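Take a look at the letters that make up each chain.
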Amino acid sequence: MVAGGAVAPEDRELRALLGETRTIAVVGLSSKRDRPSNDVSAYLQEHGFRIVPVNPNETEVLGERAYPSLLDLPADLPIDVVDVFRRAEDTPQVARDAVRIGAKVLWLQEGIVNEEAARIAADAGLEVIMGVCIKRTKQRLDREA
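Along each chain, residue indices are assigned from 1 in the same order as the chain's sequence is written. At least 70 in pLDDT is required for a residue's local features to be given in this predicted model, at least 80 for side-chain atom pairs to be given and counted, and no such filter applies to totals for whole chains, interfaces and linings, which use all residues. As a rule here, side-chain values cover all heavy atoms of the structure and leave hydrogens and water aside.

**Q** I'm lost on the overall build of the protein in this one. Help?
**A** Across its full length, the protein carries 5 helices and 7 strands. Secondary structure counts use DSSP, requiring at least four H or I residues in a row for a helix and at least two E residues in a row for a strand, with both numbered from the N terminus. Listed by position from the N terminus, the elements making up the protein come as α-β-α-β-β-β-β-α-β-α-β-α. It is over C-alpha atoms that the radius of gyration is taken, and the globule rule equals 2.2 Å times the number of residues to the power 0.38. Taken over C-alpha atoms, the radius of gyration comes to 14 Å for the protein, in line with the 15 Å a tight globule of 145 residues would show. Dimensions of the protein, computed from C-alpha atoms along their principal axes, come out at roughly 35 × 30 × 30 Å.

**Q** Looking at this structure, I do not really get the nonpolar core. What am I missing?
**A** What tends to happen in soluble globular proteins is that the nonpolar side chains get buried as a cluster. For our purposes a nonpolar core is just a set of buried Ala, Val, Leu, Ile, Met, Phe, Trp, Tyr and Cys residues, chained together by side-chain atoms within 4.5 Å. Here's how the labels work: a residue is buried when its accessible area is under 20% of the maximum for its type, exposed when over 50%, partly exposed in between, all with a 1.4 Å probe on protein chains only. Among the nonpolar cores identified, the biggest contains 25 residues, and Leu-70, Leu-73, Ile-79, Val-82 and Leu-106 are the most heavily contacted of them. Looking at this core, the elements with two or more residues in it are strand E1 (23–27), strand E2 (50–54), strand E5 (81–84), helix H3 (91–100), strand E6 (105–108) and helix H4 (115–123). When residues of this core are assigned to their parent elements, the largest contribution, 4 residues, is made by H4. Contacts: residue pairs with any heavy atoms within 4.5 Å of one another. Setting aside anything within four residues of it in sequence, one finds Val-82 in contact with Ala-25, Val-27, Leu-70, Val-94, Ala-98, Ile-101, Ala-103, Val-105, Leu-106 and Trp-107. In this structure, Leu-14, Val-40, Val-61 and Ile-134 belong to the second largest nonpolar core, which totals 21 residues.

**Q** Explain the packing of helix H1 (residues 11–20) against helix H5 (residues 134–144) to me, please; I cannot follow it from the model alone.
**A** When two helices pack together, their arrangement is given by the angle between their axes and by how far apart the axes lie. Only the stretch in contact is used when a helix axis is fitted, and all axes are lines through C-alpha atoms; the angle between N-to-C directions ranges over 0 to 180 degrees. Where H1 meets H5, the axes come as close as 11 Å, and the angle between the chain directions of the two elements is 105°. Taken together, the axis directions place H1 and H5 in an arrangement best described as roughly perpendicular. The residues of H5 that touch H1, namely those facing Asp-11, Leu-14, Arg-15 and Leu-18, are Ile-134, Thr-137, Lys-138, Arg-140, Leu-141 and Glu-144. In this count, Pro and Cys sit with the nonpolar residues alongside Ala, Val, Leu, Ile, Met, Phe, Trp and Tyr, while Asp, Glu, Lys and Arg are called charged and the others, Gly among them, polar. In terms of residue class, the contact of H1 with H5 is built from 4 nonpolar, 1 polar and 5 charged. Note that the term roughly parallel is reserved for angles under 35 degrees, roughly antiparallel for angles over 145, roughly perpendicular for angles of 65 to 115, and oblique for everything else.

**Q** Quick question: what am I supposed to make of helix H2 (residues 36–46) here?
**A** Along an α-helix, residues three or four positions apart point the same way, because every turn accommodates 3.6 residues. For H2, the full list of buried residues reads Ser-37, Asn-38, Val-40, Ser-41, Ala-42, Tyr-43 and Leu-44. Phi turns positive, to about 95°, at Gly-48, one or two residues after H2.

**Q** What is the right way to look at the environment of Asp-97 in this model?
**A** Checked against the element boundaries, Asp-97 lands in helix H3. The contact partners of Asp-97, leaving out residues within four places of it in the chain, are Leu-70 and Leu-71. Pairs of N or O atoms are called polar contacts if they sit within 3.5 Å, as long as, within protein, a hydrogen donor faces a hydrogen acceptor (for residues adjacent in sequence, only side-chain-to-side-chain pairs). A polar contact is formed between the side chain of Asp-97 and the side chain of Gln-93, at a distance of 2.9 Å.

Listed below in structure tokens is the structure:
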């Protein structure tokens, strides 16, 4: 446990996880450039990750087709990380969906902590990171490399 209920693996595990990650489904990704989800996703895209927007209110974000939910993603699209920008109370269903699509990691962004979602994902064998920003984590690891 990290301060504020956040959970993150050791730095070496985070480096390995991000090094193996190719495709990130971003739940709650907005096309509005002033939203944190857009900023974080644009940064990840610029650093070589494929971003898959998941938002029922969008059709395309950052040049990528958006999908209404994780369950609407093409079956032949492997998702490494499900990065979540949703209210904490919405995350247990996102965790269930992440398990169903075979994701490897459930990542709840900074300020988002939900023990039920963490348990659902962890019980199914997913790595769980909560309350930590994926962009800031990558920036910090890159600086320290």
